[in-house]
Amino acid sequence: GPTWCVRYGMSEAPDVAALLSRGGWQLVDPQPAHRANPEGFWLPKDEQLGKLRRGSTVRSIFNLLDQADVARDGYAPYAPNGAPQLTTVRERMWSYVERVDGNKLHCILMNRPYSSHTDLVDGARFTLPVDHVIDLSIDPETSLDEMLAHVTPFDAATSPVDRGREPRIPRAQLAVCKRTGVKPHRPAAFLQLLVSKNVSDSSDPVYGVRKSPRQDRGDVGWTIWAGSKGIGETAKKDGFSIIRVQEIAQYNKRVGDYLALPPGWGFVLGKNDYEDIYPLDAD
C-alpha cells in the first residue's frame, strides 16, 4: 500500500530513536484520523469486524524506519560521516488472522515492508487490536493453510536495530551497487521517474541516467529510455511518461535492479546480460 513520510526538514523525526529500540516498527492507531475525517478515512463497521475469524485477512498501518530520500524527505540518505540517515514512514500491509482473542487479533504478516531499517518481515506474528483494522476480507481467495504450507511463522522482532547497518534493499539492487563500489541510494517506491514509451522487456539497448533528485516534484532523478543514445531524439520520436518507481517493472523488469545507483551514475543494458555502468560527466 502507499507509503508516506513524516517530514522534519533536515533533522530526523523524533520517534526514530523509539523505533530503533524495538525492531524498527510500531502499529499505528487509525482511530484519531478516522474521528477527524470519518468520510475521508473509512474504517470497517463493528458488524464486519465481528465476523473476523481464523483465515480472514486484515489491513493495518505500521510506523517504520526507512533511509532518507532527498526527493521525499529533503535530506540525503547518508550523513557526511557515511552513516545512514533515517526517517519514519507509514506502510499499509495485509496480514492473516491466525486466532481471534476478544478484541485482539493474533496475526501473521503477509507483506514484506519496503522500508530499509525495520526487522519486520512477512511471516512475522504480532498482535493487532481489532480497532486498528483499516480494511478486511472475511474469506480471502488464498487461504491461511496455503500460506502456512510455504511460510513458517515466527514472533515479530522487537530487539534494537543497528542504525548503521547496510540498508535492507532488494538483493539484486545491492549486488549492482557492490559491483560498482557505490553506496546504494534506493529511490522511494512512490516517487517519480521518466521512462520513454518505447521501453519494454525486448528493448535493446536500454539506457538510464540519474541526475540530482528534485524534491519540488517528487522526481528521484532517473531517466530511462531505449533505442537511441539521444534523450532528445527519443523524446521527439516516442515521448516520455512520468511513472512511479515501483511501476518500472511494467516496462522492463531488468531496469529495477539498477535504480539504487546514486545520482551521477548511468547504465546501458543489452542482450545476453550485457551491462555498462559508468559515472556521468560533471554538469
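Residues numbered from 1 in each chain as written. Predicted model: local features only at pLDDT ≥ 70, side-chain atom pairs only at ≥ 80, totals over all residues. Heavy atoms only, no water.

Going through the model one piece at a time under the given rule, you end up with 6 aromatic pairs. Taken together, a centroid distance of 5.4 Å and an interplanar angle of 75° make the contact between phenylalanine 62 and phenylalanine 126 edge-to-face. Highlighted residues: phenylalanine 62 in strand β3 (residues 57-67) and phenylalanine 126 in strand β6 (residues 124-129), separated in sequence by 64 residues. In this structure phenylalanine 62 comes out as buried when scored by relative accessible area, which is 0%. Owing to a relative accessible area of 6%, phenylalanine 126 belongs among the buried residues under this scheme. With centroids separated by 5.4 Å and ring planes inclined at 20°, the aromatic side chains of tyrosine 207 and tryptophan 225 adopt a geometry described as stacked. Linking tyrosine 207 in strand β10 (residues 206-210) with tryptophan 225 in strand β11 (residues 219-226), this pair joins segments that are 18 residues apart in sequence. (Phe/Tyr/Trp six-rings, centres within 6.5 Å; stacked < 30°, edge-to-face > 60°. Helix = DSSP H or I, 4+ residues; strand = E, 2+ residues; numbered from the N terminus. Buried < 20%, exposed > 50% of the residue type's maximum accessible area, 1.4 Å probe, protein only.)

On to helix α6 (residues 171-180). If you check which residues of α6 are buried, you get Gln173, Leu174, Val176 and Cys177. The buried side chains of α6 occupy one side of the element, clustering within an arc of 160° when seen end-on. Within α6, the exposed residues directed more than 90 degrees away from the buried face are Arg171, Lys178 and Arg179. Residues of α6 that are buried make contact with β14 (275-279). Positive phi shows up at glycine 181, right after α6, with a value of about 80°. (Arc of directions from axis to C-beta. Contact = heavy atoms within 4.5 Å.)

Note the cis peptide between aspartate 204 and proline 205, where omega equals 0°. Turning to its location among the elements, proline 205 is positioned in the loop between β9 (192-196) and β10. Even without being glycine, asparagine 272 reaches a positive phi, approximately 55°. Topologically, asparagine 272 is positioned in the loop between β13 (265-269) and β14. By relative accessible area, asparagine 272 is classed as exposed at 78%.

If you walk through the whole model with that rule in mind, you get 13 salt bridges. One salt bridge connects aspartate 66 with arginine 186, and the closest N-O pair in it is separated by 2.6 Å. Here the residue aspartate 66 occupies a position in strand β3, and arginine 186 occupies one in the loop between α6 and β9, the gap between them amounting to 120 residues. Accessibility expressed as a relative area gives 1% for aspartate 66, which makes it buried. Across the pair aspartate 216 and arginine 214 runs a salt bridge whose closest N-O atoms are separated by 2.7 Å. Three or more residues are tied together by salt bridges with common partners; here these are Asp66, Arg72, Asp73 and Arg186. (Salt bridge = Lys/Arg side-chain N within 4 Å of Asp/Glu carboxyl O.)

This part covers the sheet that holds β10. The mixed open sheet is built from 6 strands, whose spatial order is β12-β9-β11-β10-β13-β14. Taken across any chain shown, the strands that pair with only one partner, and hence form the sheet edges, are β12 (240-244) and β14. Along the sheet, successive strands turn relative to each other by an average axial angle of 20°, direction set aside. (Pairing = 2+ DSSP bridges. Axes fitted to C-alpha atoms, helices over the stretch in contact; angles between N-to-C directions.)

In this model, the protein chain carries a mean pLDDT of 91, and residues with pLDDT of at least 70 account for 94%. Across residues 1-11, where pLDDT falls below 50, the model places 33 contacts with residues more than four positions away in sequence or in other chains. (pLDDT = per-residue confidence, 0-100.)

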